[in-house]
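If you want the building blocks of each chain, they are given just below.
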Amino acid sequence: QKEVEQDPGPLSVPEGAIVSLNCTYSNSAFQYFMWYRQYSRKGPELLMYTYSSGNKEDGRFTAQVDKSSKYISLFIRDSQPSDSATYLCAMSRPGGGNKLTFGTGTQLKVEL
Amino acid sequence: GAVVSQHPSRVICKSGTSVKIECRSLDFQATTMFWYRQFPKQSLMLMATSNEGSKATYEQGVEKDKFLINHASLTLSTLTVTSAHPEDSSFYICSARAGDRVDEQFFGPGTRLTVL
């Protein structure tokens, strides 16, 4: 079993839709949770960072962490074609030297 | 700020040759850089942690003699794929730590390696 599971998609939605992206994990030591956006043939770009459980909102993006269920989510409101990319969740644990464990990434396509 | 560059962006080489990839932090000093490999439709897999002035720490299953890492300065780390083979073809991405927090890690644009 992988430490972090993420549906690779692809996920196709119409412009303006609310997008929900999710990851589950098995290692209860993870405390730091991140979402990255990666365009084709580019490096990942940090979108959201959350420490422990709870919600965090930044513009059209909301990150949720439910540590009891080992489940994290990223919501994108009013999705735009420019949001079309691969979204990777990543996690880290205290004392782990800031090493990141990534999900496979979900490919998202927002269509006009 | 916090820009990381990689060079080259793409490289095609013959089997058996060695390839060097550079990772630079352009506007900050990075005592730690990370090297990842990403296969199509798969997650980024950490290969090694590169610390300035000391030996790299390799993840389990990564051959240190095949993937040579040198972190000679606070702004430059290099990954050399020695005697490359077609199965080494992949997308190699580096990241550099700009601070102590886990979210203060910035990624380069990646290098696409194709071994013929």
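Thresholds, definitions, all that
- Residues numbered from 1 in each chain as written.
- Chains lettered and ligands numbered in written order.
- Predicted model: local features only at pLDDT ≥ 70, side-chain atom pairs only at ≥ 80, totals over all residues.
- Heavy atoms only, no water.
- Helix = DSSP H or I, 4+ residues; strand = E, 2+ residues; numbered from the N terminus.
- Rg over C-alpha atoms; globule rule 2.2 N^0.38 Å.
- Buried < 20%, exposed > 50% of the residue type's maximum accessible area, 1.4 Å probe, protein only.
- Contact = heavy atoms within 4.5 Å.
- Areas by Shrake-Rupley, 256 points an atom, 1.4 Å probe, with all protein chains shown as cover.
- Lys, Arg positive; Asp, Glu negative; His and termini not counted.
- Charge placed at Lys NZ, Arg CZ, Asp CG, Glu CD.
- Disulfide = S-S within 2.5 Å.
- Pairing = 2+ DSSP bridges.
- Axes fitted to C-alpha atoms, helices over the stretch in contact; angles between N-to-C directions.
- Phe/Tyr/Trp six-rings, centres within 6.5 Å; stacked < 30°, edge-to-face > 60°.
- Buried area = accessible area lost by both parts, 1.4 Å probe.
- Salt bridge = Lys/Arg side-chain N within 4 Å of Asp/Glu carboxyl O.
- Polar contact = N/O pair within 3.5 Å; in protein donor to acceptor, adjacent residues only side chain to side chain.
- Nonpolar A, V, L, I, M, F, W, Y, C, P; charged D, E, K, R; others polar.

Attention shifts here to the overall build of chain B. On a plain count of helices and strands, chain B comes out with zero helices and 11 strands. Walking chain B from its N terminus toward its C terminus, one meets helices and strands in the order β-β-β-β-β-β-β-β-β-β-β. Taking 13 Å as the expected radius of gyration for a compact globule of 116 residues, we find that chain B reaches 13 Å, a close match to that expectation. Along the first, second and third principal axes, the C-alpha atoms of chain B reach 40 × 25 × 20 Å. Burial status across chain B gives 51% buried among its 116 residues. Residue pairs at least 24 apart in sequence account for 53% of intrachain contacts in chain B once pairs closer than 6 positions are excluded. Summing over all exposed atoms, chain B offers an accessible surface of approximately 5,700 Å²; the carbon and sulfur share of this is 50%. Within chain B, one finds 12 positive and 11 negative side-chain charges whose respective centroids are separated by 7 Å.

Now for the state of the cysteines. Per the stated rule, a full pass over the model turns up two disulfides over all chains. In this model, Cys23 of chain A is linked to Cys89 of chain A through a disulfide, with the two sulfur atoms separated by 2.0 Å. Measuring the twist about the S-S bond at about -100°, one finds the Cys23 of chain A-Cys89 of chain A disulfide to be left-handed. Of this pair, Cys23 of chain A sits in strand β3 (residues 19-25) while Cys89 of chain A sits in strand β9 (residues 85-92), and the two are 66 residues apart along the sequence. Across the pair, Cys89 of chain A and Cys23 of chain A agree in class, each one buried. The thiol of Cys13 of chain B is not disulfide-bonded; the next cysteine sulfur, from Cys94 of chain B, is found 19 Å away. By relative accessible area, Cys13 of chain B is classed as buried at 10%.

Right, let's get into the environment of Thr31 of chain B. Residue and element names in this part refer to chain B. Among the secondary structure elements, Thr31 is positioned in the loop between β3 (19-25) and β4 (32-38). Taking the C-alpha atoms as reference, Thr31 lies 9.5 Å from Leu76; in sequence the two are 45 residues apart. The residues touching Thr31, leaving out its near neighbours within four places in the chain, are Ser50, Asn51, Glu52, His71 and Leu74.

Before going further, it helps to examine the sheet that holds strand β8 (residues 76-81) of chain B. Residues and elements named next belong to chain B. The strand order β1-β3-β8-β7 describes an open sheet built from four strands, whose pairing is antiparallel. Since the sheet does not close on itself, it has two edges, and those belong to β1 (4-7) and β7 (67-73), each with one partner. Between one strand axis and the next, the sheet turns through 15° on average, direction left out of account. Bridge count for β1 against β3 is four bridges, and the pairing is antiparallel. From the neighbouring strand, Gln6 faces β3, where its bridge partner is Cys23.

Going through the model one piece at a time under the given rule, you end up with 11 aromatic pairs over all chains. Aromatic side chains Tyr25 of chain A and Phe30 of chain A sit 6.0 Å apart centroid to centroid with 65° between the ring planes, which places their arrangement in the edge-to-face category. Classification of Tyr25 of chain A as buried rests on a relative accessible area of 6%. Consider the rings of Phe28 of chain B and Phe106 of chain B, whose centres lie 6.3 Å apart with planes at 65°: the pair is edge-to-face.

Let us now look at the interface of chain A and chain B. Listed per partner, the contact involves 20 residues of chain A and 23 residues of chain B. Between chain A and chain B the total buried area reaches about 1,700 Å² when both faces are included, carbon and sulfur atoms providing 58% of it. Area buried by chain A at its contact with chain B is led by Asn98, Lys99 and Phe102 of chain A, which between them contribute 32% of it. Scanning the region where chain A abuts chain B turns up one salt bridge. There are five residue pairs in polar contact (both at pLDDT 80 or more) connecting chain A and chain B. For the side of chain A that touches chain B, the secondary-structure elements that each account for two or more residues are β4 (32-38), β5 (45-51) and β9 of chain A. In terms of residue count, β4 of chain A provides more of the side of chain A that touches chain B than any other element does, four residues in total. The class makeup of the residues in the side of chain A that touches chain B is nine nonpolar, eight polar and three charged.

A few words now on the sheet that holds strand β8 (residues 71-76) of chain A. Residues and elements named next belong to chain A. If you trace the five strands from one edge of the open sheet to the other, you get β1-β3-β8-β7-β6, paired in antiparallel fashion. The open sheet has two free edges, formed respectively by β1 (4-5) and β6 (54-58), since each of these has just one partner strand. As judged from the five bridges shared by β6 and strand β7 (residues 61-66), these two strands associate in the antiparallel manner. Its bridge partner being in β7, Gly54 is matched across the sheet by Val65.

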